[in-house]
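# Coordinate inspection notes
These are the residues of each chain, in order.
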Amino acid sequence: MKLGFGLYRHMLDREHLRFAKQAGATHIVVHLVDYFNQGGDGKDQPTTGGRGGGWGHAGNPDHLWSKEELLEIKALIEGEGLVWHAIENFDPAHWHDVLLDGPKKAEQIEGLKQMIRVIGELGIAVMGYNFSLAGVFGRTTGNYARGEAGGVGMEGFVDEEPMLDGMVWNMTFDEHATGTAERTRISSDELWARLSYFLQELVPVAEEAGVMLAAHPDDPPVPRLRDTPRLVYQPEMYQRLLDIVPSRCNGLEYCLGTLAEMTEGDIYEATEKYAAQQKIGYVHFRNVRGKAPNYEEVFIDEGDIDMERIVAILKKHDFQGVLIPDHAPAMACSAPWFAGMAYSMGYMKALLGALQK
């Protein structure tokens, strides 16, 4: 088991990488999607941006991640003595019609294959993704954690505001598009069929490249959001995804907080099941109180999950992947993001140290 940090694109600099190293991380998970291109300080996780809004505009559809671009990032990470373990999330600009079953689906699938091959060439082990139409939407911010530390939650309201044309995955890919919203108002079976196409096309390429495709569960985990179906909003639904294309490269981006928010299942039984199958690419190591649609993201040591029990299960099954702190509450100081993440990482290092003994 290894420890890492997840960094957004704008955080890929010496300050953040040295902070990661100093806090005890050895690995980095990179978000290449620019969630913060609409402004803000970029230290907090993005929420909704208001009704009808989202996380901003998707990237350039004609600019796939190139080998040269990724080599530059890899050199920066390795220059600080760290390992680039994973990329988290495709840019909606690169796969919106794969999600929407639109006219550019086949072309965009070929682009994803091209990027997977490049990622494999660079030795990046995991490509995380979230196969979702609405994306992450409808959460609230508040002083939910100990000492009124700021964080994210859900306060009983599931937003059914319909998706807008030109949007998917809570980002705008084309402000002039028409008719795309109709492609989001579909049945659950249709969404699973779209996922099956994605996996059947990409998993063989991922196998050749030596890259695990790792699926994030629905956040928030509710059956429908913005009048769209969701895929993995109960723990057992992960198994359905894995069974579509059985492969060592069809795996999971295992978000403990999201799984704990689900209304059914048991977080420890689920971890046992998927760790035993060696299907976990990396773990979002965070804690929550409550169940969807009423939950609060809190400090790593005050939520409903027994984190020590989780790492014991992972160790039992010889988990060799990376744990990253995720959604750490912002602490009351001049550097709230850094402080919250350092607190989480220190706690995680102590857990693993105790487990080793």
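As the structure is a computational prediction, the values presented were derived from the model and not from experiment.

The subject of this paragraph is the pairing of strand S15 (residues 294-298). One ladder, built from three bridges, connects strand S6 (residues 149-155) with S15; its direction is antiparallel. Its bridge partner being in S15, Gly-153 is matched across the sheet by Glu-296. Hairpin connection, strand S14 (residues 287-291) to S15: the antiparallel pair is bridged by two residues.

Within the open sheet, the four strands sit side by side as S5-S6-S15-S14. Their pairing is antiparallel. Edge positions in the open sheet fall to strand S5 (140-145) and S14, since each of these has one partner strand only. Between one strand axis and the next, the sheet turns by 30° as a mean value, whatever way the strands run.

The subject of this paragraph is the packing of helix H5 (residues 188-209) against helix H6 (residues 237-244). At a closest axis distance of 9 Å, the pairing of H5 and H6 adopts a crossing angle of 45°. In terms of their interaxial angle, H5 and H6 are classed as oblique. Relative to H6, H5 is oriented so that their crossing is right-handed. In this structure, H5 uses Asp-189, Trp-192, Leu-195, Ser-196, Leu-199 and Gln-200 to contact H6, whose residues at the interface are Met-237, Arg-240, Leu-241 and Ile-244. Residues of the contact of H5 with H6, tallied by class, amount to six nonpolar, two polar and two charged.

Rules used throughout
- Positions within a chain are numbered from 1, following the residues in the order the chain's sequence is written.
- Whole-chain, interface and lining totals are the exception, using all residues; otherwise, since this is a predicted model, local features are given only for residues with pLDDT of at least 70 and side-chain atom pairs are given and counted only at 80 or more.
- Side-chain numbers come from the whole structure's heavy atoms, not from hydrogens or water.
- By this definition, two strands are paired if DSSP reports at least two bridges between them.
- Going along the chain from the N terminus, every DSSP run of H or I of four or more residues is numbered as a helix, and every run of E of two or more is numbered as a strand.
- Only the stretch in contact is used when a helix axis is fitted, and all axes are lines through C-alpha atoms; the angle between N-to-C directions ranges over 0 to 180 degrees.
- Here is the rule for angles: anything less than 35 degrees is roughly parallel, anything more than 145 is roughly antiparallel, 65 through 115 is roughly perpendicular, and the remaining ranges are oblique.
- In this scheme the crossing of two helices becomes right-handed for a clockwise turn of the near helix relative to the far one and left-handed for an anticlockwise turn of less than a right angle.
- By the convention used here, residues are in contact when the closest approach between their heavy atoms is within 4.5 Å.
- Following the grouping adopted for this structure description, the nonpolar residues are Ala, Val, Leu, Ile, Met, Phe, Trp, Tyr, Cys and Pro, the charged ones are Asp, Glu, Lys and Arg, and the polar ones are all others, Gly among them.

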